[in-house]
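Coordinate inspection notes
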Amino acid sequence: MLLYFCYLGGSEAKCGFVLPSRALMDEIHWGLTHCKDCSIQSSLFKLCLAASVNYIWKERNGRIFQQIGHESSSVVRLILEEVKASMTSWRHVSRSATNICLIVEWSLNVDLLCTV
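Conventions we followed
Residues numbered from 1 in each chain as written. Predicted model: local features only at pLDDT ≥ 70, side-chain atom pairs only at ≥ 80, totals over all residues. Heavy atoms only, no water. Helix = DSSP H or I, 4+ residues; strand = E, 2+ residues; numbered from the N terminus. Buried < 20%, exposed > 50% of the residue type's maximum accessible area, 1.4 Å probe, protein only. Contact = heavy atoms within 4.5 Å. Areas by Shrake-Rupley, 256 points an atom, 1.4 Å probe, with all protein chains shown as cover. Salt bridge = Lys/Arg side-chain N within 4 Å of Asp/Glu carboxyl O. Expected span 1.5 Å × (residues − 1). Arc of directions from axis to C-beta.

Brief notes about the overall build of the chain
Helix and strand counts for the chain stand at 4 helices and 3 strands. Beginning at the N terminus, the succession of helices and strands in the chain can be written as β-β-β-α-α-α-α. For the chain, buried positions account for 34% of its 116 residues. Partitioning the contacts of the chain with sequence separation of at least 6, the portion at a separation of at least 24 is 43%. A total of about 7,400 Å² of accessible surface is found on the chain, and carbon and sulfur atoms cover 61% of it.

Spelled out as structure tokens, the structure:
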């Protein structure tokens, strides 16, 4: 079932955390509880959630009003591309082990990280 981002062997990856699959409300509750700060992880969770809602809503509208539907893998690919494109515009990301891991996981240029 397509709810958010990439599906990885029975769990969903978000913000560098790997959690078991949950119902939508549980995911939102988790995000509201754990992503309150301004860290890159919190920003990434919020960005993924917003992109997911946007693309899933567009897919819903396409199926209802235009009778055009896409495979869930295509929608996931679009979501990931949107998130990755948005992440490339980030600046002044602190150089920490967590942030380096996220940059590598998303195949982004390490130049996004601050040198200081």
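From this point, the discussion proceeds with the structure in view.
Considering the pattern of salt bridges
All told, the structure shown has 2 salt bridges when counted by the stated rule. Salt-bridge contacts for Glu59 lead to Arg63; the nearest nitrogen and oxygen are separated by 2.7 Å. Pair noted here: Glu59 and Arg63 are both in helix H2 (residues 40-65), with a separation of 4 residues, about one helical turn. The partly exposed category is assigned to Arg63, whose relative accessible area is 47%. For Glu81, the salt bridge identified is with Arg77, shortest N-O distance 3.2 Å. In this pair, Glu81 and Arg77 are both assigned in helix H3 (residues 72-87), 4 residues apart and thus about one turn of the helix distant.

Some words on H3
Side chains three or four residues apart in an α-helix point the same way, a direct result of the helix having 3.6 residues per turn. The first and last C-alpha atoms of H3 sit 23 Å apart over 16 residues, in line with the 22 Å expected at 1.5 Å per residue. Taken together, the buried positions of H3 are Val75, Val76, Ile79, Val83 and Met87. All buried residues of H3 lie within an arc of 110 degrees about the axis, which places them on one face of the element. Against the buried residues of H3 lie H2.

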